[in-house]
Amino acid sequence: MSDSQSSATAEIMPEDNDVPVPGLEAGVEEEREYVGMLYHRLDELRAEKEAQLAKVRRVGSRGTMQNASERDAFAAMYEDRLAQLNAVDDRLVFGRLDHDSGECRYIGRIGLTSASHQRLMLDWRAPEAGVFYQATAFERQGVRRRRHLLLKRREVHGVEDDVLDASMLEEASHNHGDGALLAALTARRTGQMGDIVATIQSEQDRIIRADLPGVMVVQGGPGTGKTAVALHRAAYLLYSHRDRLKSAGVLIVGPNTTFMSYIDRVLPSLGETGVVLSSLADLFPGVHGTPEPDSRVEEIKGRLDWVGIIGAAVTHRQRTIPDVRDVTVDGTRVGVTPKMVNRALERARATGKPYNEARTTFVKVLVKEIAEKLERIIEKRSEGNDADRSYLVEDVRSARDVRVLLNLCWMPRSPQGLLEDLFAKPNYLSDVAPELSAAERELLKRAPGSPFTSADVPLLDEAAELLGTLDESAGREAARQKAAAARSLDNAQRAVENASPQLEEMGIEGFLDAQAVVDMNAESGPRLTAAERAQVDRSWTYGHVVVDEAQELSAMQWHVLMRRCPLKSFTIVGDIAQGSSPSAASSWQQAMAPFVGERMRVEELTVNYRTPGTIVELAERVAEANGLHTTSLRTVRDGDYPPVIEQVPGDQLVTAATAAVRAEHDRVGEGLVAAIVPERLLSLTRRSLVAEFGARVGHGAGSLSEDILALSAEEAKGLEFDAVVLVEPAEILEETAGRVGSLYVALTRPTHALHVIAVRELPAGF
């Protein structure tokens, strides 16, 4: 922002709200009437959909199957539309475009039309709305003026004009400047991420609206809006490619549950409610991975070698017998030969099915051979007796000796059981992982029953892929269900086609697919969205995957994510310089080459919108002094408070940190203040803050709604705070074995103030 622009902004924002500014007040009053009309229309649509939904539900399930499907089609559509209308109430409209033609268009979170189908407001994702973010004074694209509407909930509190046509500058107006962007940047943080839909900048918009196919990597330093761009891109793709993505879904992956909690309100506010958000620790259904306590173990588990190791561990449990083994079936001894077992093993492996499903073939073949041999023994004893002996197969299958033999040769396995055995039984790991050194295998050793860690999640996923289901009847049942689902889907598709003309007349087409109708008719429970189905189905494949803080991912984590999207349609955002995990890549090429080769495009964000220039300067200086190369960023503002660096006696570290939190909280007012401290000091710092501030202190990383927090550098990744008190940076650097990424992350979290407290000598660059 230029000095002249800042001055213009200051002129239109009087400190005394009682002092009227004529041009500003005229603009506000002009817009209040139109915005009021838009909210009135929003309320009308809500009431209309609620009434239509209630009517459909009253009808019940009477009539033919076709009639029931059509009713469910309407019910599904009404529910989805209501969810969308309810999610966009806050700051529904944020922009207006005045065109050379004299036409005026309003831009908002969704599209709205009047009862007579007259367009009232454009969805921000519509192609015609793109010029709101792209037009400049040099390339006006037919736009004379771009107006930002500054709303609080439903009320217009201000307007901000970007005049692109020089002839309009002669008109009397006090509304010129960058006030909308500046207000968004300096607003106090709340512990929940806000959207940037009203202030998207040109370089961000180009990335958001990029084509869907392929892998796009968005490289951006701290504060460049990477996460916001990724979320807005997800919303844009769901709008622009609804037919493809609504049924397959979009997966958004973040580094930890704190981060996912931080961003979870953004997409609904942008008009989308059907996206799966998951941390890397939660990608395997039913398991929440705890943090891996040893970075050396985390690095070992992140290697792509585990694809082969897990594969070897699976086949390791398929065994023959060295010589004849006798089994007793209903009092009769039968000798089972190695040749019989080998034939059954070969037949099972030839199916190409996953381990547990192929075991069904192994069991069937071997049981049949044992039963045939048993039948010959019985016939020899009772010559001339031609009784039906088909029951022998079941007798063999249920015999204890046979069950023991079957499990000895081909034990059914769960992913959890396989992984637990690998780490609890040194000989097992040694047999299947010769590429690991003895020291590495020793590091991996742990007791049975230990909790699974986030680094275990990709290994569990790989094991599940190779093992398949444990249910021996699952193959037959799955085939039956698949056929039934196909029939239901075909029936539902016809119902949707019948309903489509009426939906189009209402101007709300695109909110319904045939799968939603199938779900409505399912007997198992309430209708599930694609997102809800995907969350409980490990084998679900998505139409698009968004990965945030992607520089931290290990090769095994990338391997799992590539399986989640076979089409390899990805938006990947991160900053190589912020990498702090043991598996962090040194370049995007290094990270992605094993999976996509050269088939990726890299976009770069170059402007830091969040962090004041004085803090960015310090962070970049510390990074460079410690051997970390960073991309130099342009900053939008210098900030009001220079960084404070304070060294204290050793016994006063936590006390001084608490006092610094108090000072910064008083300085930034109602904002969010975080103490970022070494892991060793987390509990002690939290206790000290609770003693000082009481219930206002968040207990752990999941309490972002509180205004004071104590976090580790890892927990702070991806978040932002009004002020940060950084405690003992030298120890934070040591926690990651000298990797500077975590310290660089911690230094770039504040939007207003940074206060450094240290006992030890500060790292280079301070």
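Residues numbered from 1 in each chain as written. Predicted model: local features only at pLDDT ≥ 70, side-chain atom pairs only at ≥ 80, totals over all residues. Heavy atoms only, no water.

Engineer: Sorry, what's going on with the overall build of the protein here?
Structural biologist: Within the protein, the regular secondary structure consists of 30 helices and 21 strands. Here the protein holds 766 residues, and the buried ones make up 52% of them. A fraction of 74% describes how many contacts in the protein between residues 6 or more apart in sequence connect residues 24 or more apart. Carbon and sulfur atoms make up 50% of the accessible area of the protein, which totals about 33600 Å². (Helix = DSSP H or I, 4+ residues; strand = E, 2+ residues; numbered from the N terminus. Buried < 20%, exposed > 50% of the residue type's maximum accessible area, 1.4 Å probe, protein only. Contact = heavy atoms within 4.5 Å. Areas by Shrake-Rupley, 256 points an atom, 1.4 Å probe, with all protein chains shown as cover.)

Engineer: Explanation requested: helix H13 (residues 338-350) in the structure shown.
Structural biologist: An α-helical turn contains 3.6 residues, so a residue and the one three or four places further along point in the same direction. With 13 residues, H13 ought to run about 18 Å at 1.5 Å a step, and its terminal C-alpha atoms sit 18 Å apart, in line with that. Inspection of H13 places Met-340, Val-341, Ala-344, Leu-345 and Ala-348 among the buried residues, and these make up the whole buried set. For H13, the arc enclosing every buried residue in end-on projection is 135°, short of the 170-degree limit, so these residues lie on one face. Projecting away from the buried face of H13 at angles above 90 degrees are the exposed residues Lys-339, Glu-346, Arg-347 and Ala-350. Close packing links the buried residues of H13 with strand E11 (332-336), helix H14 (355-381) and helix H16 (400-409). Backbone geometry just after H13 places Gly-352 at a positive phi near 70°. (Expected span 1.5 Å × (residues − 1). Arc of directions from axis to C-beta.)

Engineer: When you look at the pairing of strand E6 (residues 155-163) in this model, what are you seeing that I'm missing?
Structural biologist: Two faces make up the sheet, and in a regular strand the side chains alternate between them. Within E6, 7 of the 9 residues are buried, which leaves the element mostly enclosed by the surrounding structure. Examined bridge by bridge, strand E5 (residues 143-152) and E6 share 8 bridges and lie antiparallel to one another. Its bridge partner being in E6, His-148 is matched across the sheet by Glu-160. (Pairing = 2+ DSSP bridges.)

Engineer: Would you explain the packing of helix H27 (residues 653-668) against helix H28 (residues 682-693) in this entry?
Structural biologist: Relative placement of two packed helices is described by the angle separating their axes and the distance separating the axes. The contact between H27 and H28 brings their axes to 10 Å, and the two run at 50°. The angle between H27 and H28 falls in the class oblique. As for the relative orientation of H27 and H28, their crossing is right-handed in sense. The residues of H28 that touch H27, namely those facing Val-654, Thr-658, Val-661 and Arg-662, are Leu-684, Thr-685, Ser-688, Leu-689, Glu-692 and Phe-693. Looking at side-chain class alone, the contact of H27 with H28 contains 5 nonpolar, 3 polar and 2 charged residues. (Axes fitted to C-alpha atoms, helices over the stretch in contact; angles between N-to-C directions. Parallel < 35°, antiparallel > 145°, perpendicular 65-115°, else oblique. Left-handed = near helix turned anticlockwise from the far one by under 90°. Nonpolar A, V, L, I, M, F, W, Y, C, P; charged D, E, K, R; others polar.)

Engineer: Would you mind showing me how to read the UniProt feature "binding site: ATP" (unreviewed entry) in the protein here?
Structural biologist: Feature annotation in UniProt places "binding site: ATP" (unreviewed entry) on Gly-220, Gly-221, Pro-222, Gly-223, Thr-224, Gly-225, Lys-226 and Thr-227, given in this structure's numbering. Note that Gly-223 resides in the loop between strand E7 (215-220) and helix H7 (226-240). Those residues in contact with Gly-223 that lie beyond four places of it in its chain are Val-607, Asn-608, Tyr-609 and Arg-610. Exposure remark for Lys-226: the relative accessible area of 8% places this residue in the buried category. Apart from residues no more than four positions distant in its own chain, Lys-226 is found in contact with Val-218, Gly-220, Gly-221, Val-573, Gly-574, Asp-575, Gln-578 and Leu-605. (UniProt positions renumbered as here; feature names shortened; annotations may be inferred.)

Engineer: So what exactly am I meant to see when it comes to the packing of aromatic side chains here?
Structural biologist: Two descriptors summarise a pair of aromatic rings, namely the distance from one centre to the other and the angle between the planes of the rings. Applying the stated criterion across every chain, the model contains 6 aromatic pairs. Lying across the ring of Tyr-428, Arg-317 places its NZ or CZ 4.5 Å from the centre. Positioned above the aromatic ring of Tyr-641 is the side chain of Arg-667, whose terminal nitrogen or guanidinium carbon lies 4.3 Å from the ring centre. (Phe/Tyr/Trp six-rings, centres within 6.5 Å; stacked < 30°, edge-to-face > 60°. Lys NZ or Arg CZ within 6 Å of the ring centre and 35° of its normal.)

Engineer: Is there a simple way to think about the nonpolar core in this case?
Structural biologist: Inside soluble globular proteins, nonpolar side chains tend to come together where they are buried. Counting residues in hydrophobic clusters, the biggest one holds 84 residues, and the most contacted among them are Trp-306, Phe-362, Leu-422 and Trp-558. With 11 residues, the top contributor of residues to this core is H14. Split by domain, the residues of this core number at least three in each of domain 2 (202-284 + 538-608) and domain 3 (296-467). Non-local contacts of Phe-362, meaning those with residues more than four positions away in its chain, are made with Val-341, Ala-344, Leu-345, Ala-348, Leu-406, Cys-409 and Trp-410. By size, the runner-up hydrophobic cluster in this structure holds 69 residues, among which are Phe-94, Leu-267, Val-622 and Ala-713. (Core = buried A, V, L, I, M, F, W, Y, C linked by side-chain atoms within 4.5 Å. Domains from an automatic or database assignment.)

Engineer: I'm lost on the pattern of salt bridges in this one. Help?
Structural biologist: Two side chains carrying opposite charge are able to pair once their charged atoms lie near each other. Per the counting criterion, the structure on display carries 53 salt bridges. Between Glu-30 and Arg-147 there is a salt bridge, with the nearest N and O atoms lying 3.3 Å from each other. Taken as a pair, Glu-30 in helix H2 (residues 22-59) and Arg-147 in strand E5 lie far apart in primary sequence, 117 residues in all. Where salt bridges share partners, they join Glu-30, Glu-31, Arg-96, Asp-98, Arg-145, Arg-147 and Asp-161 into one cluster. (Salt bridge = Lys/Arg side-chain N within 4 Å of Asp/Glu carboxyl O.)

Engineer: How do you make sense of the sheet that holds strand E19 (residues 708-711) when you look at a structure like this?
Structural biologist: The pairing of strands in a sheet comes from backbone hydrogen bonds and takes either a parallel or an antiparallel form. Pairing within the open sheet is parallel, and its 5 strands lie in the order E17-E21-E20-E18-E19. The sheet is open, and its two edges are formed by strand E17 (644-647) and E19, each paired on a single side. With direction set aside, neighbouring strand axes in the sheet form an average angle of 20°. Each of E17, strand E18 (673-676), E19, strand E20 (721-727) and strand E21 (750-758) is contacted by H27, which is oriented at about 160° to E21, the strand it contacts most. Contacting E18 and E19, H28 crosses the sheet at an angle of about 170° to E19.

Engineer: Just to check I follow, could you spell out the sheet that holds strand E3 (residues 112-113) for this structure?
Structural biologist: Here we have 6 strands laid out as an open sheet, ordered E3-E4-E2-E1-E5-E6, and mixed in their pairing. Strand pairing shows two members of the sheet lacking a second neighbour, E3 and E6, which therefore form its edges. Judged from the 5 bridges that link them, strand E1 (residues 93-99) and strand E2 (residues 104-108) form a sheet pairing that is antiparallel. Looking at the pairing, Leu-97 lines up with Arg-105 of E2.

Engineer: What is the right way to look at the side chain of Gln-578 in this model?
Structural biologist: Its place among the elements puts Gln-578 in the loop between strand E13 (570-574) and helix H25 (588-596). In contact with Gln-578, other than residues within four places in its own chain, are Gly-220, Gly-221, Pro-222, Lys-226, Glu-549, Gln-551, Glu-552, Lys-717, Gly-741, Tyr-744, Val-745 and Arg-749.

Engineer: I keep staring at the pairing of E1 and nothing clicks. Help me out?
Structural biologist: With 7 of 7 residues buried, E1 is to be regarded as a mostly interior element. Taking the residues that link successive antiparallel strands as the turn, the E1-E2 hairpin has 4 residues, and the phi of Gly-102 there is positive, at about 95°. Pairing of E1 with E5 involves 5 bridges; the strand directions are antiparallel. From the neighbouring strand, Leu-97 faces E5, where its bridge partner is Arg-146.

Engineer: I would appreciate a short explanation of helix H17 (residues 415-424) in the present structure.
Structural biologist: Where H17 is concerned, the buried positions are Pro-415, Leu-418, Leu-419, Asp-421, Leu-422 and Phe-423. On its buried face, H17 is in contact with helix H11 (295-301), helix H12 (306-315), helix H18 (426-432), helix H19 (438-444) and helix H20 (457-467).

Engineer: For this particular structure, what's the right way to read the confidence of the model for the protein?
Structural biologist: Parts of the prediction with low pLDDT should not have their coordinates interpreted in detail. Averaged over every residue, the pLDDT of the protein is 82; residues scoring 70 or more account for 80%. Counting interchain partners and residues more than four positions distant, the pLDDT-below-50 stretch residues 1-23 has 21 contacts. (pLDDT = per-residue confidence, 0-100.)

Engineer: Explain the environment of Leu-567 to me, please; I cannot follow it from the model alone.
Structural biologist: Along the chain, Leu-567 turns up in the loop between helix H24 (555-564) and E13. Judged by its relative accessible area of 58%, Leu-567 is exposed. Residues Leu-567 and Pro-213, 354 residues apart in the sequence, show an inter-C-alpha distance of 8.3 Å.

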